[in-house]
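# Commentary on secondary and tertiary structure
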Amino acid sequence: MIEFRFTVDDLATTSFAYSPLQEAVFSLRCFNDPARFPHHRPWLRRIRPRLEGLDGELLTSLVAPWMWIPDFLTPRPDRARPAFADELDRIRLTEPDVVAADLRAAYRSEDALPPVVARGLVRPDRFLTRLADALDAYWHTCLAAEWWPRAQSVLEADLAHRGRVLAERGAAEMLPGLDARLTWADSHLRLDTRDFLVPAPWAGMSIAGRGMVLLPTLFARGAQPLIDPTRPPLLIYPARGRATLAEQPPPVVGQALVRLLGRPRARLLLLLAEPASTTELAHRLEVTPGAVSQHLAILHDAGLLTRTRSGRTVRYARTRLGDDLCR
């Protein structure tokens, strides 16, 4: 059991964020144990041919057999929606002794380090440069163009859902709702660690005015903290709706709906059982965002969809009338 101790002020400074860098690093877990992440199988099949030109030995060594990842690769985001390039620049500034210490902590002993890591830590400064370059290449080759827009939409939907729960029911219900491992009582958030693959590295932490950042991810089966409790408090939890990444566009079987709306608009309305952005819908339907946008505008004007802006992203969701039509 790990216990996070909050004061009222700590609750007031608890916030949400998501991180493209952390999602890139966490996605490497799929290559170590793909059976644990079945909703990513379609993506894995598509990108495997692209991995041949990357530094695969190094990338897969960043995940220990028990799925731990060095803390310096998962720093607490400094804002709610950081850019990948900005986060990677932070990684490049990591002190060499921190790189070495965090890798040893993730693997729990010097003897367990993979050969590529052991060799690299002879010169941790050079190893850090190689590591950052490998992550940059992996991001742009495998994630940025096709995978990230859809993943980002799932993460945005999670944040929107958590915000609604917090507003309507309060933190005492929102916090344990992040994952079945979590419970809340007497200003303490408790994380059950019985199903951790190896024992948890520590048992308690006082937030102590440092604020807690809650971070959804598509690559965790349960809530988890950082390895080092002296780092700024961060709790990673499984994103709601992550299994939708494996979904294909549903067939349009309601002929009455097709006759009323046309097949493209009927399919969009069916897809919007969960909120999504224009970019995500375009990727799922394998059409251009412009084509999707025209249909979404018509459905919105007809009162079948709502739209909400979050930063530069507009998310669409069905209205009650839209739900009734789909039924």
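The sections below set out a description of the structure shown in this document. (Residues numbered from 1 in each chain as written. Predicted model: local features only at pLDDT ≥ 70, side-chain atom pairs only at ≥ 80, totals over all residues. Heavy atoms only, no water.)

### Section: unusual backbone geometry
Backbone geometry at Asp186 places phi at a positive 55°, although glycine is not the residue there. Relative to the elements of secondary structure, Asp186 occurs in the loop between strand S3 (182-185) and strand S4 (188-191). Residue Ser187 is not a glycine yet carries a positive backbone phi of 65°. Tracing the backbone shows Ser187 in the loop between S3 and S4. (Helix = DSSP H or I, 4+ residues; strand = E, 2+ residues; numbered from the N terminus.)

### With respect to the packing of aromatic side chains
Taken as a whole and assessed by the stated rule, the structure comprises 13 aromatic pairs. Judged by centre distance (5.7 Å) and plane angle (35°), the rings of Trp147 and Phe219 are tilted. Of the two residues, Trp147 sits in helix H10 (residues 147-169) while Phe219 sits in the loop between strand S6 (213-217) and strand S7 (224-225), which places them 72 residues apart along the sequence. Overall, the relative accessible area of 4% leaves Trp147 in the buried class. Members of the aromatic cluster, joined through ring pairs, are Tyr18, Phe31, Phe37, Trp43, Phe84, Tyr138, Trp139, Trp147, Trp148 and Phe219. A cation over a ring is seen here: Arg108 above Trp66, with NZ or CZ 5.7 Å from the ring centre. (Phe/Tyr/Trp six-rings, centres within 6.5 Å; stacked < 30°, edge-to-face > 60°. Buried < 20%, exposed > 50% of the residue type's maximum accessible area, 1.4 Å probe, protein only. Lys NZ or Arg CZ within 6 Å of the ring centre and 35° of its normal.)

### Observations regarding empty space enclosed by the protein
A probe matching the size of a water molecule, rolled over the atoms, marks out where space remains unfilled. Counted by the stated rule, this structure contains 1 cavity of 30 Å³ or more. There is about 30 Å³ of room inside the largest cavity. Every residue along the wall of the largest cavity is listed here: Trp43, Arg46, Ile47, Arg50, Cys142, Glu146 and Trp147. Ranked by residues supplied to the lining of the largest cavity, first place goes to helix H4 (residues 41-47) with 3 residues. For the lining of the largest cavity, the per-class residue count stands at 4 nonpolar, no polar and 3 charged. (1 Å grid on protein atoms, 1.4 Å probe; cavity = no way out; pocket = protein on both sides within 12 Å on 5 of 7 lines; lining within 4 Å. Points joined across faces, edges and corners; volume = space filled by probe spheres on them. Nonpolar A, V, L, I, M, F, W, Y, C, P; charged D, E, K, R; others polar.)

### Describing the sheet that holds S3
In spatial order, the strands read S3-S4-S1-S5; together these 4 strands make up an open sheet with mixed pairing. Either end of the sheet is taken by a strand with one partner, and the two such strands are S3 and strand S5 (204-206). Sheet twist, expressed as the average angle between the axes of neighbouring strands with direction ignored, equals 15°. Strand direction decides the pairing type here: S3 and S4, joined by 4 bridges, are antiparallel. (Pairing = 2+ DSSP bridges. Axes fitted to C-alpha atoms, helices over the stretch in contact; angles between N-to-C directions.)

### Focus: the sheet that holds strand S11 (residues 313-318)
Reading across the sheet, the 3 strands line up as S9-S11-S10 and stay open at both edges, with antiparallel pairing between neighbours. The open sheet terminates on both sides in strands that have one partner only, identified here as strand S9 (276-277) and strand S10 (305-310). By the bridge criterion, 2 bridges tie S9 to S11 in an arrangement that is antiparallel. Each bridged residue has a counterpart across the sheet, and for Ala276 the counterpart in S11 is Tyr316.

### Quick look at helix H15 (residues 289-301)
In this model, H15 (13 residues) spans 18 Å end to end at C-alpha, consistent with the 18 Å of a helix rising 1.5 Å per residue. Looking at H15, one finds that the buried residues are Val292, Leu296 and Leu299. Seen end-on, H15 carries its buried residues on one side only, within an arc spanning 60°. With respect to the buried face of H15, the exposed residues turned more than 90 degrees away are Gln294 and Asp301. Contacts from the buried residues of H15 go to helix H12 (255-261), helix H13 (263-271), helix H14 (278-285), S10 and S11. (Expected span 1.5 Å × (residues − 1). Arc of directions from axis to C-beta. Contact = heavy atoms within 4.5 Å.)

### Some thoughts on the nonpolar core
If you look at the biggest cluster of nonpolar residues, it comprises 84 residues, and the most contacted ones within it are Phe4, Trp43 and Leu135. If you tally residues by element for this core, the top one is helix H9 (residues 124-143), at 10 residues. Discounting residues that sit within four places of it in the chain, Leu135 has contacts with Leu21, Val25, Leu28, Leu59, Leu62, Leu73, Phe84 and Leu88. Within the second largest apolar cluster, 17 residues are counted, among which are Val258, Ala266, Leu268 and Leu269. (Core = buried A, V, L, I, M, F, W, Y, C linked by side-chain atoms within 4.5 Å.)

### Thoughts on the environment of Ala317
Looking at the element boundaries, Ala317 is found in strand S11. The exposure class of Ala317 is buried, given its relative accessible area of 18%. Other than its neighbours up to four places away in sequence, Ala317 contacts Pro275, Leu304, Leu305 and Thr306.

### Brief notes about helix H6 (residues 84-92)
Within H6, burial applies to Phe84, Glu87, Leu88 and Ile91. When H6 is viewed along its axis, its buried side chains cluster within an angular range of 100° and face the same direction. Here the buried face of H6 lies against helix H2 (20-27) and H9.

### Regarding the side chain of Glu87
Structurally, Glu87 is set in helix H6. Nearest to the buried, unbridged Glu87 among oppositely charged side chains is Arg90, at 5.2 Å. The contact partners of Glu87, leaving out residues within four places of it in the chain, are Ser19, Pro20, Leu21, Pro77 and Pro82. (Lys, Arg positive; Asp, Glu negative; His and termini not counted. Salt bridge = Lys/Arg side-chain N within 4 Å of Asp/Glu carboxyl O.)

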